[in-house]
Amino acid sequence: MIQLLFHIVAVILYALSGVYYWRALESPPGSGRDRRRGALIGALAVVLQAGLLTGDIDHDGHLTLGVGTILSLDAWAVAAIFLMASLRKPIASLGAFIMPSSAVATIGQIFLPASSEDTRITDPWLVAHIVISILAYSLLSIAVVQSLVLWVQESRLRHRHPAQMLRAIPPMETMETLMFEMIQVGFVLLTLTLISGFFFSEQLFGDPLPFTHHSVLSLVAWLSFAILLIGRRQFGWRGRNAVRWTVGGFVLLVFAYLSAEFLFKLVLPS
């Protein structure tokens with residue numbers, strides 16, 4: 001009962017952080033009080049959820065993963081990376097979208113907690129593979145949010161309907177540069193994830209590249225981001241073209257993650 005209460009508190013803190021970040025978008029430029037409050041409350045949510053996740057996924061020294069804990073773990077990683085990055089990069093405006101999303105994903109930890117029937121992982125290298133994949137997913141998640149904000153900026157300016165919230169968001173050129181920085185780092189981590197994933201596929205299936213939904217979707221997602229980065233470098237892709245490739249690659253990656261959970265349940269012993 002106490003643990004459930006803490007989970008609910010974490011959801012409330014994420015939601016409240018999102019409210020303050022949203023209020024910061026509507027505040028006059030230069031007013032950072034709501035943004036600081038959003039960051040502080042978000043940090044409290046991240047710390048609280050870290051403790052809850054530790055208890056949920058660590059069963060007798062084994063990493064235990066279920067659908068709810070994977071969603072919650074991803075949400076925690078996205079929020080934590082965002083808060084750390086916002087200390088050095090002008091991406092605080094993304095908190096209005098990231099923190100509410102983390103609140104929704106954390107609810108999954110309440111209704112779908114880890115259990116003894118979920119996948120148990122003991123191999124430290126496989127744990128490292130999962131950690132790298134979560135970091136890649138988290139960075140690309142932030143890049144997707146950034147691309148959608150960039151799309152809103154472009155649409156508003158193109159139709160000459162500026163909104164108050166746009167004044168709190170950095171210029172489009174800055175947002176675009178930051179988005180591609182996130183994608184580049186996320187792409188490197190995604191590449192490491194695929195390479196290490198081939199190794200574990202050979203251990204599990206005897207085949208370094210089995211034609212499963214997870215492997216095919218992961219490769220297509222990787223290829224999408226590779227094409228986007230090449231297009232950016234060689235042809236100067238930007239704006240809506242970059243947004244489409246970013247969102248498309250991320251959607252494929254999400255489906256690959258979901259299929260991976262079912263794959264683990266079928267192959268790895270409980």
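Our structure's up above, just so we're on the same page.
Note that the coordinates shown come from a computational prediction; the quantities given were computed from them, not determined experimentally.

Visitor: Could you give an account of the side chain of Ser-72, naming the residues involved and the relevant values?
Guide: Tracing the backbone through its elements, the reader meets Ser-72 in helix 3 (residues 67-86). Ser-72 gets classed as buried once you look at its relative accessible area, which sits at 0%. Those residues in contact with Ser-72, other than ones at most four positions away along the chain, are Gln-49, Leu-53, Ala-105, Thr-106 and Gln-109.

Visitor: So, the pattern of salt bridges: which residues are in play, and what are the values?
Guide: According to the stated counting rule, one finds 4 salt bridges in the structure shown. Where Arg-232 meets Glu-176, a salt bridge forms, and the shortest distance between an N and an O atom there is 3.4 Å. With Arg-232 in helix 7 (residues 213-235) and Glu-176 in helix 6 (residues 172-205), this pair connects stretches of sequence that are 56 residues apart. Using a relative accessible area of 4% as the deciding quantity, one classes Glu-176 as buried. For the salt bridge of Arg-238 with Glu-176, the shortest nitrogen-to-oxygen distance reads 3.2 Å. Of this pair, Arg-238 sits in the loop between helix 7 and helix 8 (239-267) while Glu-176 sits in helix 6, and the two are 62 residues apart along the sequence. A single salt-bridge network, built from bridges that share partners, covers Glu-176, Arg-232 and Arg-238.

Visitor: Provide a residue-level description of the packing of aromatic side chains, including the pertinent values.
Guide: Each pair of aromatic rings is reported with the distance of its centres and the angle of its planes. Summed over all chains, the structure comprises 5 aromatic pairs. Their ring planes at 70° and their centres at 5.6 Å tell us that Tyr-21 and Phe-82 sit as a pair that is edge-to-face. Highlighted residues: Tyr-21 in helix 1 (residues 2-25) and Phe-82 in helix 3, separated in sequence by 61 residues. Relative accessible area serves as the criterion here: at 2%, Tyr-21 is assigned to the buried category. Judged by relative accessible area, which is 0%, Phe-82 ranks as buried. Considering the side-chain rings of Trp-237 and Trp-245, the 5.8 Å spacing of their centres and the 20° angle between planes classify their relative orientation as stacked. For Trp-245, a relative accessible area of 28% corresponds to the partly exposed category.

Cut-offs used in this document
- Residues numbered from 1 in each chain as written.
- Predicted model: local features only at pLDDT ≥ 70, side-chain atom pairs only at ≥ 80, totals over all residues.
- Heavy atoms only, no water.
- Helix = DSSP H or I, 4+ residues; strand = E, 2+ residues; numbered from the N terminus.
- Buried < 20%, exposed > 50% of the residue type's maximum accessible area, 1.4 Å probe, protein only.
- Contact = heavy atoms within 4.5 Å.
- Salt bridge = Lys/Arg side-chain N within 4 Å of Asp/Glu carboxyl O.
- Phe/Tyr/Trp six-rings, centres within 6.5 Å; stacked < 30°, edge-to-face > 60°.

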